[in-house]
Amino acid sequence: MRGVDSPMVARESPVRSCVGCKLRTTKIDLLRLVVIADDDGSHVVPDPSGRRLGRGASLHPDLRCLDLAERRRAFPRAFRLPGPLDASAVRAYLERKQPDH
């Protein structure tokens, strides 16, 4: 993970902060998340295309950042919604994307 102070980051690129580790980095290096509300409550879901409507939050596509965000209860603040918010869809998405060790 590289921050915006790294010489590898182009200054013209949009910059966002990860809700987990709070590191500021380019938008393209982060996964956009949105909230979907249904009868079962509010769920944080990944938006890899970046086209879903609604307020977004950004997260490094890394389970460690997801764990930090959940531990810090960052999702309700990021989405400006009362909590708790279910992030199990994000966890499942990241687990599918992680390389096998």
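Residues numbered from 1 in each chain as written. Predicted model: local features only at pLDDT ≥ 70, side-chain atom pairs only at ≥ 80, totals over all residues. Heavy atoms only, no water.

## Notes on the confidence of the model for the protein chain
Keep in mind that low pLDDT regions are not for reading the predicted coordinates in detail. Here the protein chain shows a mean pLDDT of 90. Residues at 70 or above account for 87%. By mean pLDDT, strand β4 (residues 41–46) is the weakest element of the protein chain at 95, and strand β5 (residues 57–59) is the strongest at 98. (pLDDT = per-residue confidence, 0-100. Helix = DSSP H or I, 4+ residues; strand = E, 2+ residues; numbered from the N terminus.)

## What about the pattern of salt bridges?
All told, the structure shown has four salt bridges when counted by the stated rule. The residue D47 makes a salt bridge to R32 at a minimum N-O spacing of 2.5 Å. One end of the pair, D47, is in the loop between β4 and β5; the other, R32, is in strand β3 (residues 31–38), with 15 residues separating them in the sequence. Judged by relative accessible area, which is 22%, R32 ranks as partly exposed. (Salt bridge = Lys/Arg side-chain N within 4 Å of Asp/Glu carboxyl O. Buried < 20%, exposed > 50% of the residue type's maximum accessible area, 1.4 Å probe, protein only.)

## Quick look at the layout of surface pockets
Approximately 250 Å³ is the volume found for the largest pocket. Lining the largest pocket are 13 residues, with K27, L30, L31, R32 and G50 sitting closest to its centre. Mapped onto the lining of the largest pocket, the elements with two or more residues apiece are β3 and β5. Of the residues that constitute the lining of the largest pocket, the class distribution is five nonpolar, four polar and four charged. (1 Å grid on protein atoms, 1.4 Å probe; cavity = no way out; pocket = protein on both sides within 12 Å on 5 of 7 lines; lining within 4 Å. Points joined across faces, edges and corners; volume = space filled by probe spheres on them. Nonpolar A, V, L, I, M, F, W, Y, C, P; charged D, E, K, R; others polar.)

## Quick look at the pairing of β3
Summarising the sheet, β3 and β5 pair through three bridges and their orientation is antiparallel. Paired with L33 across the bridge in β5 is A57. Bridging between β3 and β4 involves six bridges; their strand directions are antiparallel. Bridge pairing in β4 links D38 to G41. Linking β3 back to β4 in an antiparallel pair, the connection comprises two residues. (Pairing = 2+ DSSP bridges.)

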